[in-house]
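The chain contents come next:
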Amino acid sequence: MTTSITIGNFKGGVGKTTTCVTFSYLLNKAHRKTLLIDFDPQGNASEIIEKHFLYSNKKIPKV
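The notes below deal with the structure included here. (Residues numbered from 1 in each chain as written. Predicted model: local features only at pLDDT ≥ 70, side-chain atom pairs only at ≥ 80, totals over all residues. Heavy atoms only, no water.)

Digging into the overall build of the chain
Cut-off, in case you're wondering: Only DSSP runs of H or I reaching four residues or more are called helices, and only runs of E reaching two or more are called strands; each is numbered from the N terminus. Three exposure classes are used, based on accessible area relative to the maximum for each residue type with a 1.4 Å probe and protein chains only: buried under 20%, partly exposed in between, and exposed over 50%. A contact between two residues is defined here by any heavy atoms of the two lying within 4.5 Å. Computed by Shrake-Rupley with a 1.4 Å probe, the accessible areas treat only the displayed protein chains as cover when residues are assessed.
For the chain, the count of helices and strands is two helices and zero strands. Out of the 63 residues belonging to the chain, those deemed buried represent 10%. Contacts in the chain between residues far apart in sequence, at least 24 positions, make up 26% of those at least 6 positions apart. Here the chain has roughly 5900 Å² of accessible surface; of this, 57% comes from carbon and sulfur atoms.

Shown next as structure tokens:
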């Protein structure tokens, strides 16, 4: 069974990206299949994942 979790708020600067990245990281550490989709044009979630959670020799291809 698939579960979708959405985190949203109309106000900026309330920690949506940080919450999403941390939550997806923790789910992954608990051996759950996790997909984090970053719809932000600035790509902040993707940048956080790349800089802090991936090994330096593995790179996410730029799309």
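Okay, back to it.
Let's talk about the layout of surface pockets
Basically, it comes down to this: Site definitions follow a grid-based scheme: protein atoms alone, a 1 Å grid, a 1.4 Å probe that fits but cannot get out for cavities, and for pockets an open set with protein on both sides within 12 Å along at least five of seven lines, plus lining residues having an atom within 4 Å of a point. Grid points are joined across faces, edges and corners, and a volume is the space filled by probe spheres set on the points. Classification convention: Asp, Glu, Lys, Arg as charged; Ala, Val, Leu, Ile, Met, Phe, Trp, Tyr, Cys, Pro as nonpolar; all other residues, Gly among them, as polar.
For the largest pocket, the calculated volume is near 770 Å³. Together, 24 residues line the largest pocket, and Ile5, Thr6, Thr34, Leu35 and Leu36 are the ones closest to its centre. Here the lining of the largest pocket takes six residues from helix α1 (residues 16-29), the largest share from any one element. For the lining of the largest pocket, the per-class residue count stands at 11 nonpolar, eight polar and five charged.

Quick notes on the environment of isoleucine 5
In this fold, isoleucine 5 is placed in the segment before α1. Note: C-alpha distance between isoleucine 5 and leucine 36 (31 residues apart in sequence) is 9.9 Å.

Here we look at the side chain of serine 24
The condition that has to hold: Under this definition, polar contacts are N or O atom pairs within 3.5 Å; protein pairs additionally need one hydrogen-donor-capable and one acceptor-capable atom, and for neighbouring residues in sequence, both atoms have to be side-chain atoms.
The residue serine 24 is located in helix α1 in this model. Of note is the side chain of serine 24, whose polar atom sits 3.0 Å from the backbone oxygen of valine 21. Look past the residues within four positions of serine 24 in its chain and what remains in contact with it is Thr34 and Leu36.

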